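# Summary of structural features
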Amino acid sequence: MFYYVLKYVVLGPLLRLAFRPRIEGLEHIPDDGAAIVAGNHLSFSDHFLMPAILRRRITFLAKAEYFTGPGIKGKLTAAFFHSIGQIPVDRSGRNAGQAAIREGLGVLEKGELLGIYPEGTRSHDGRLYKGKVGVAVMAIKAGVPVVPCAMVGTFEIQPPGKVVPRIRRVTIRFGKPLDFSRYAGMEDQKAAVRAVTDEIMYAVLGLSGQEYVDAYAADVKAAAAGQQPKKFPRP
């Protein structure tokens, strides 16, 4: 209930008025049934702008840190994300990916829209990074289409570290649904899930026009900070 109050009464109208989003390809979002919307991730604002313009409800897998912050601000943030139906996912440890896949499949089994950022984290420099294969595993296993999405201009309004976004117009662009039924039963094959993930990222790239980096964003961030990337297995 609170989700729809925010969407249609409080937050949605405010976002539309402030950012006047150009919306392209909205007809590619199915009117009903399960589907994955896979997009680039440039800004904290992405969490709100895309859901605000969709006719259907969409559930995102949100990082657990949004639900565990300290103090009053942390509690308010957690309450907000819970109220809009977002699912916390612990991204640390070897089993993090499997936990996210289980949660995502649960959403799809209900015939709902699942939102996911295959890069796994926000881009720190506006470029598009290599996608993680969880999106492919879910698409193949659930047998659902994947709608590529590009947020354009959100990095400029709210780059990393900026709390209050600049008021500028943004574009939200959806591509034609991608059908991966030819990979049915191959969700455990590394070559198959890598191929599906790369096809999704290529579609996002075509919509966004970003520069592409064939490396994981988290690893590039860690290297820039002088840290060692985590050594969990990655197809």
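Source: prediction; values computed, not measured.

### Thoughts on the sheet that holds strand β4 (residues 87-89)
Overall, mixed pairing links the seven strands, which are arranged β1-β8-β7-β2-β5-β3-β4 in an open sheet. Since the sheet does not close on itself, it has two edges, and those belong to β1 (22-24) and β4, each with one partner. Strand-to-strand twist in this sheet, taken as the mean axis angle between neighbours without regard to direction, amounts to 25 degrees. Examined bridge by bridge, strand β7 (residues 146-152) and strand β8 (residues 171-174) share four bridges and lie antiparallel to one another. In the strand pairing of β8, A150 is matched with R173. Sheet strands in contact with helix α2 (residues 46-53) are β1, β2 (35-39), β3 (58-63), β7 and β8, and its direction is about 65 degrees off that of β8.

### Focus: the nonpolar core
Among the nonpolar cores identified, the biggest contains 30 residues, and I36, L108, M138, F180 and I200 are the most heavily contacted of them. Elements that contribute at least two residues to this core include exactly β2, β4, α4 (96-109), β5 (113-116), α5 (134-142) and α7 (190-208). Discounting residues that sit within four places of it in the chain, M138 has contacts with I36, A100, I101, G104, L105, L108, L114, I116 and G143. Among the nonpolar cores identified, the runner-up in size contains 24 residues, and F19, I29, L49 and F174 belong to it.

### A few points about the pairing of β8
The side chains of a regular strand alternate, residue by residue, between the two faces of the sheet. Of the strand pairs in this sheet, β1 and β8 are connected by three bridges, and their pairing is parallel. Along β8, the bridge assignment pairs I23 with I172.

### Looking at the side chain of D46
By secondary structure assignment, the location of D46 is in helix α2. In this structure the side chain of D46 is engaged in a polar contact, spanning 3.1 Å, whose partner is the side chain of H41. At a separation of 3.0 Å, a polar atom in the side chain of D46 contacts the main-chain amide nitrogen of S43. Setting aside residues up to four positions removed in sequence, D46 forms contacts with N40, H41, P51, Y117, M151 and T154.

### Quick word on the packing of aromatic side chains
Two measures describe an aromatic ring pair: the distance that separates the ring centres and the angle between the ring planes. If you walk through the whole model with that rule in mind, you get three aromatic pairs. Here the aromatic rings of F60 and Y117 are separated by 5.3 Å at their centres, their planes lie at 25 degrees, and the arrangement is stacked. On the criterion of sequence distance, the pair formed by F60 in strand β3 and Y117 in the loop between β5 and β6 (128-129) is long-range, its members being 57 residues apart. Assigned by exposure class, F60 and Y117 land together as buried. With centroids separated by 6.4 Å and ring planes inclined at 50 degrees, the aromatic side chains of F180 and Y183 adopt a geometry described as tilted. Judged by its relative accessible area of 3%, F180 falls in the buried class. A residue is classified by how much of its surface remains accessible, and Y183, at 15% relative accessible area, is buried.

Criteria and thresholds
- Residues numbered from 1 in each chain as written.
- Predicted model: local features only at pLDDT ≥ 70, side-chain atom pairs only at ≥ 80, totals over all residues.
- Heavy atoms only, no water.
- Pairing = 2+ DSSP bridges.
- Helix = DSSP H or I, 4+ residues; strand = E, 2+ residues; numbered from the N terminus.
- Axes fitted to C-alpha atoms, helices over the stretch in contact; angles between N-to-C directions.
- Contact = heavy atoms within 4.5 Å.
- Core = buried A, V, L, I, M, F, W, Y, C linked by side-chain atoms within 4.5 Å.
- Buried < 20%, exposed > 50% of the residue type's maximum accessible area, 1.4 Å probe, protein only.
- Polar contact = N/O pair within 3.5 Å; in protein donor to acceptor, adjacent residues only side chain to side chain.
- Phe/Tyr/Trp six-rings, centres within 6.5 Å; stacked < 30°, edge-to-face > 60°.

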